[in-house]
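The primary structure of each chain is shown beneath.
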Amino acid sequence: MRPQPQLALALVRVAVGAVFAWHGFHKIFELGLGNVTAAYGMAGVPLPLLFAPLMAVLELVGGPLLVLGLGARGLAGVLAVMTAGVALAQLISSRPEFSAVEVPLLLLAGSLAVLLGGPGFPALQDRSGAVLAPTSRVPGRRRG
């Protein structure tokens, strides 16, 4: 089987975006921002009153955009920075638990893959930032 790096990046982008979207939904509509803010505070995240709602909204809005491939590289960069901060705060907290850090670390790795590699194909926006038309061809393939 021939390597398919564009498809691999697209799969990572869709999976990471879906998980971020679910996390944002869960934080806002199921747990509630008050509980999330308290949990961030206990985990040692600095400025939990700012970062808990910011992260929840970023996940809820950015996740679906990432799935679609709109602004994927920029979103992946912002999500990577925010996720790295949360994971780092949890790692250096007084009682770090690996189960609380493993998902943020995977999301960080996936976000970095999209940031460094681009959105992959298919995506609604290509590496240059141009929104793709439905008839756009696969990048790197010759017309024959």
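A short tour of the structure in this document, coming up.

Reading the values: the criteria
- Residues numbered from 1 in each chain as written.
- Predicted model: local features only at pLDDT ≥ 70, side-chain atom pairs only at ≥ 80, totals over all residues.
- Heavy atoms only, no water.
- Axes fitted to C-alpha atoms, helices over the stretch in contact; angles between N-to-C directions.
- Helix = DSSP H or I, 4+ residues; strand = E, 2+ residues; numbered from the N terminus.
- Parallel < 35°, antiparallel > 145°, perpendicular 65-115°, else oblique.
- Left-handed = near helix turned anticlockwise from the far one by under 90°.
- Nonpolar A, V, L, I, M, F, W, Y, C, P; charged D, E, K, R; others polar.
- Core = buried A, V, L, I, M, F, W, Y, C linked by side-chain atoms within 4.5 Å.
- Buried < 20%, exposed > 50% of the residue type's maximum accessible area, 1.4 Å probe, protein only.
- Contact = heavy atoms within 4.5 Å.
- Salt bridge = Lys/Arg side-chain N within 4 Å of Asp/Glu carboxyl O.

1. Remarks on the packing of helix α1 (residues 5-31) against helix α3 (residues 48-68)
Okay, so step 1: For the pair α1 and α3, the least separation of the axes is 7 Å and the interaxial angle reads 150 degrees. As summarised for this structure, α1 and α3 are arranged roughly antiparallel, according to the angle between their axes. Where α1 crosses over α3, the two elements pack in a sense that is left-handed.
Okay, so step 2: Across the contact of α1 with α3, the residue classes tally to 16 nonpolar, four polar and three charged.

2. What to know about the nonpolar core
It is characteristic of soluble globular proteins that their nonpolar side chains tend to be buried jointly.
Okay, so step 1: Of all hydrophobic cores here, the largest spans 19 residues; its most connected members are F20, Y40 and L66.
Okay, so step 2: Within the residue set of this core, elements represented by two or more residues are α1, α2 (33-43), α3, α4 (72-91) and α5 (98-117).
Okay, so step 3: Residue contributions to this core peak at seven residues, all from α4.
Okay, so step 4: Non-local contacts of L66, meaning those with residues more than four positions away in its chain, are made with R13, V16, G17, F20, A72, L75, A76, L79 and V114.

3. Details of the pattern of salt bridges
Okay, so step 1: Enumeration over the complete set of coordinates arrives at one salt bridge.
Okay, so step 2: Across the pair E59 and K27 runs a salt bridge, and its minimum N-O distance is 2.9 Å. Of this pair, E59 sits in helix α3 while K27 sits in helix α1; the two residues are 32 residues apart in sequence, bridging distant segments of the chain.
Okay, so step 3: For K27, a relative accessible area of 11% corresponds to the buried category.

These figures capture arrangement, not role.
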